[in-house]
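# Remarks on the overall topology
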Amino acid sequence: MLSVSDLGKTYRVADKQPGLKGSLQHLFRRRYRDIAAVTGVNFTVEPGEFVGFLGANGAGKTTTLKMLSGLIRPSSGRAMVMGYEPFAREHAFLKQITLVMGQKQQLIWDLPALDSLRINGAVYELSASEARQRIGELGEMLDANHLLTQPVRKLSLGERMKCELLAALLHRPSVLFLDEPTLGLDINAQESIRSFLKRYNQRYGATVLLTSHYMADITALCSRVLVVHEGRLVYDGALSSLAERLTPNRVIELRLTEPVADETLRSFGHVLARDGASVSLVVDRALLRQTIARIFEELKPSDLNVHEPAIETVIGPLLRGERLVRPAQSAEGPSAGASSPRRPDTGTS
Amino acid sequence: MIFLRKLAALLVTAFAHTTTYRAEMVLWALSGSMPIILMGVWFQAAQGGRLEYSPLEMVRYFVAVLVIRQMTFVWVIWEFEESVVRGRLSHDLLRPIDPVWHYLANHFAERIARFPAVLALVFLCFWLYPGSAFFPGWVVMGQAAALILGTFVTRFALQYTLATVCFYNERASSLESLSFIAYTFLSGMLAPLDLYPPIVQQVAAWTPFPYLIFAPARLLIGEEVDVVGAFQVMGAWTLGMIVLQRWAWRKGLSRYSAMGA
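Residues numbered from 1 in each chain as written. Chains lettered and ligands numbered in written order. Predicted model: local features only at pLDDT ≥ 70, side-chain atom pairs only at ≥ 80, totals over all residues. Heavy atoms only, no water.

### What to know about the overall build of chain A
A tally of helices and strands in chain A yields 12 helices and 13 strands. With 349 residues in all, chain A has 51% of them scored as buried. Long-range pairs, those at least 24 residues apart, make up 71% of the contacts in chain A between residues at least 6 apart in sequence. For chain A, the exposed surface amounts to about 16,300 Å²; the carbon and sulfur share of it is 48%. (Helix = DSSP H or I, 4+ residues; strand = E, 2+ residues; numbered from the N terminus. Buried < 20%, exposed > 50% of the residue type's maximum accessible area, 1.4 Å probe, protein only. Contact = heavy atoms within 4.5 Å. Areas by Shrake-Rupley, 256 points an atom, 1.4 Å probe, with all protein chains shown as cover.)

### Concerning the nonpolar core
Among the nonpolar cores identified, the biggest contains 54 residues, and Phe43 and Phe177 of chain A together with Phe80 of chain B are the most heavily contacted of them. In contact with Phe43 of chain A, not counting residues within four places along its chain, are Leu2, Ser3, Val4, Thr64, Leu68, Leu209, Arg224, Leu226, Leu233 and Asp236 of chain A. In this structure, Leu186, Phe209, Ile213 and Phe214 of chain B belong to the second largest nonpolar core, which totals 52 residues. (Core = buried A, V, L, I, M, F, W, Y, C linked by side-chain atoms within 4.5 Å.)

### Things to note about the pattern of salt bridges
Scanning the entire structure with this criterion turns up 22 salt bridges over all chains. A salt bridge links Glu125 of chain A to Lys6 of chain B; the shortest N-O distance between them is 3.0 Å. Linking Glu125 of chain A in the loop between α4 (113-123) and α5 (128-142) with Lys6 of chain B in helix α1 (residues 2-18), this pair reaches from one chain into another. Assessed through its relative accessible area of 33%, Glu125 of chain A is described here as partly exposed. You can call Lys6 of chain B buried: its relative accessible area is 6%. A salt bridge links Arg224 of chain A to Asp236 of chain A, with the nearest nitrogen and oxygen atoms 2.9 Å apart. Remark: Asp236 of chain A occurs in strand β9 (residues 232-238) and Arg224 of chain A occurs in strand β8 (residues 224-229); sequence separation between them is 12 residues. Accessibility assignment for this pair places Arg224 of chain A and Asp236 of chain A in one class, buried. One network of salt bridges, with partners in common, ties together Glu49, Arg224 and Asp236 of chain A. (Salt bridge = Lys/Arg side-chain N within 4 Å of Asp/Glu carboxyl O.)

### Description of the confidence of the model for chain A
Taken as a whole, chain A shows an average pLDDT of 85; of its residues, 89% reach a score of 70 or greater. The low-confidence segment residues 324-349 of chain A (pLDDT under 50) makes 47 contacts with residues lying over four places distant or belonging to another chain. (pLDDT = per-residue confidence, 0-100.)

### Describing the domain arrangement of chain A
Along its sequence, chain A is carved into domain 1 (2-242) and domain 2 (247-334). Computed from C-alpha coordinates alone, the two centres of domain 1 of chain A and domain 2 of chain A are separated by 37 Å. (Domains from an automatic or database assignment.)

### Focus on empty space enclosed by the protein
Residue and element names in this part refer to chain A. All told, the structure shown has 3 cavities of 30 Å³ or more when counted by the stated rule. Within this model, the largest cavity holds a volume of roughly 110 Å³. Those elements that provide at least two residues to the lining of the largest cavity are β5 (97-101) and α6 (157-169). Counting residues per element, the lining of the largest cavity draws most heavily on β5, at 3 residues. (1 Å grid on protein atoms, 1.4 Å probe; cavity = no way out; pocket = protein on both sides within 12 Å on 5 of 7 lines; lining within 4 Å. Points joined across faces, edges and corners; volume = space filled by probe spheres on them.)

### Concerning the sheet that holds β8 of chain A
Residues and elements named next belong to chain A. Taken in spatial order, the 6 strands of this open sheet run β5-β6-β7-β3-β8-β9, and their pairing is mixed. A single partner strand is all that each edge strand has here, and the edge strands are β5 and β9. Pairwise comparison of adjacent strand axes, ignoring direction, gives a mean angle of 15° for this sheet. Strand direction decides the pairing type here: strand β6 (residues 175-179) and strand β7 (residues 207-211), joined by 5 bridges, are parallel. From the neighbouring strand, Val175 faces β7, where its bridge partner is Thr207. Lying on the sheet, helix α2 (residues 61-69) is in contact with β3 (50-54), β5, β6, β7 and β8; it crosses β6 at an angle near 150°. (Pairing = 2+ DSSP bridges. Axes fitted to C-alpha atoms, helices over the stretch in contact; angles between N-to-C directions.)

### Let's talk about the packing of aromatic side chains
Per the counting criterion, the structure on display carries 28 aromatic pairs over all chains. Taking 5.9 Å as the distance between ring centres and 50° as the angle between the ring planes, the aromatic pair formed by Tyr84 of chain A and Phe93 of chain A counts as tilted. Ring geometry for Phe167 of chain B versus Tyr256 of chain B: centroids 6.2 Å apart, planes at 75°, classification edge-to-face. Taken together, the residues span a long stretch of sequence, with Phe167 of chain B in the loop between α8 (138-163) and α9 (173-186) and Tyr256 of chain B in the segment after α12 (227-255) at a distance of 89 residues. Across this residue pair, the class does not change: Phe167 of chain B and Tyr256 of chain B are buried. Taken together, the aromatic side chains of Phe80, Tyr103, Phe108, Phe152, Phe156, Tyr160, Phe167, Trp249 and Tyr256 of chain B make up a single cluster linked through ring pairs. Sitting over the face of the ring of Tyr183 of chain B, Arg155 of chain B holds its NZ or CZ atom 4.0 Å from the ring centroid. (Phe/Tyr/Trp six-rings, centres within 6.5 Å; stacked < 30°, edge-to-face > 60°. Lys NZ or Arg CZ within 6 Å of the ring centre and 35° of its normal.)

### Remarks on the interface of chain A and chain B
On the side of chain B, 26 residues touch chain A, which itself brings 36 residues to the contact. Together chain A and chain B conceal approximately 2,900 Å² of surface at their shared face, both sides included; 62% is due to carbon and sulfur atoms. Of all residues in chain A, Leu71, Lys104 and Val123 of chain A bury the most surface against chain B, accounting for 19% of the area lost on that side. Of all the secondary structure elements, the ones that give two or more residues to the side of chain A that touches chain B are β1 (2-15), α2, α3 (91-94), β5 and α4 of chain A. At 7 residues, α4 of chain A tops the list of elements feeding residues into the side of chain A that touches chain B. (Buried area = accessible area lost by both parts, 1.4 Å probe.)

In structure tokens form, the structure reads like this:
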């Protein structure tokens with residue numbers, strides 16, 4: 001469905017120093033530098049997969065989506081989407097894909113969304129009755145039918161995104177590139193968009209590549225994630241394995257039966273939280289068994305639970321660019337257990 | 001048939017968009033009323049009797065210029081520039097239809113919406129200069145309408161070709177400002193071209209500009225014009241521009257970075 005090999009994109013940008021001197025230099029002797037936004041990225045996506053694309057701002061996610069949708073030409077490597085080279089932008093290809101950008105809209109600002117939908121219906125060669133039927137169907141799934149006759153500028157951000165999705169999916173594309181579709185939306189609107197995307201993927205078997213800064217989007221929708229860092233793909237595999245890779249720790253939650261000093265607790269591991277008798281400890285996975293044995297022996301807790309750290313707390317720093325993920329070197333590589341022929345970019349560490 | 005359906009949808013929606021702001025539509029029509037001012041100046045000058053045109057002929061010429069300017073006004077370079085700079089072109093590029101049809105639909109819709117205001121301006125001129133009202137006959141009107149359509153297409157092709165410079169320099173509209181000086185001077189917008197010195201007329205003949213205003217204006221006021229020749233020259237320029245534009249478009253798209261998108 002979607003294969004990317006050694007994909008790269010380098011932008012040439014003007015380099016200007018601030019101030020009068022910088023302005024004069026820029027006027028007479030302009031300097032440029034090359035910025036590698038994406039470097040040597042490899043992956044494949046199977047039909048119907050819902051894949052999350054993670055990384056900090058500027059990591060290369062949007063640039064990759066732009067190359068896959070055919071908006072920009074790769075500087076190196078190759079991308080194929082449903083057998084088409086995206087940048088050729090053949091009409092047969094364009095009729096099967098869509099790109100939704102959370103911060104950009106295709107709807108005409110001053111007119112009701114229905115006017116934009118009328119154009120999309122004609123441009124994608126749907127008959128009038130087919131377009132009407134699809135608008136009704138998608139409008140119902142999005143609970144947006146009542147919004148379509150209001151000028152777009154009068155809609156709230158969440159309502160606008162619903163209409164944007166309707167416009168982007170009217171031609172029923174097989175491949176969806178979604179770039180931050182829930183950006184800036186309130187919790188309810190995010191949930192509503194999330195639930196719609198899930199149903200759309202299930203109902204039409206569409207392949208989805210989603211970037212989002214909201215972990216809830218990724219955890220609710222994507223079983224597989226691609227992580228990019230400084231333009232390189234550093235992880236490709238299951239979301240659960242990513243958490244395991246990112247943190248070698250486990251969280252132990254226990255309920256104390258008698259008072260224990262913080263200093264004593266710290267001898268077992270990092271104290272994540274303490275609320276009276278309830279304590280959360282972060283413990284190295286390798287030391288888990290012996291630490292539990294010590295806790296039972298020395299603290300005699302009334303209750304004890306072990307679990308993985310919440311994915312949000314693990315991946316959050318990564319999305320803020322605070323943490324570099326390195327590809328697995330072990331035999332249990334990130335793709336272990338995956339049925340598709342996907343592979344991590346092991347040459348990027 | 002399918003293509004016509006696409007064009008009809010683009011045109012209908014563009015018309016709805018244009019007519020959303022009625023006052024703006026009238027103000028745009030008024031902003032193109034420079035020929036009415038020039039009409040007054042040349043009316044006075046012609047009263048001296050030293051020009052080849054009588055005062056009423058001068059009024060009629062500028063009424064024709066007014067109509068032609070209003071019906072051939074092109075702004076695609078600004079629209080395209082904004083699309084490129086703000087990344088809005090991305091949505092157009094991902095649709096299975098060339099973006100040029102979207103721009104053309106916007107221009108045609110605006111023309112249709114503006115037409116009543118243009119008619120009102122024409123009647124205002126006839127009222128200001130009694131005896132200047134004229135009707136060149138249906139045949140000439142038909143020829144002039146075709147010529148004006150050709151003029152619009154040529155002017156659009158020239159500007160759209162310049163617009164592709166946006167892929168290389170985001171402020172391509174500055175080129176249009178430069179080209180507009182030549183257009184203003186050599187098209188007959190400031191004065192009938194046959195009042196210019198012969199050398200200027202010879203230079204103008206090598207450009208498409210005389211065919212953009214002077215030729216259709218002379219035709220409208222009942223003067224003899226080589227309509228076939230005018231179409232041939234405009235056709236050659238338009239074809240040349242389309243070839244150049246397509247080449248620059250293909251090259252330019254490779255540089256497009258979908259900024260802001």
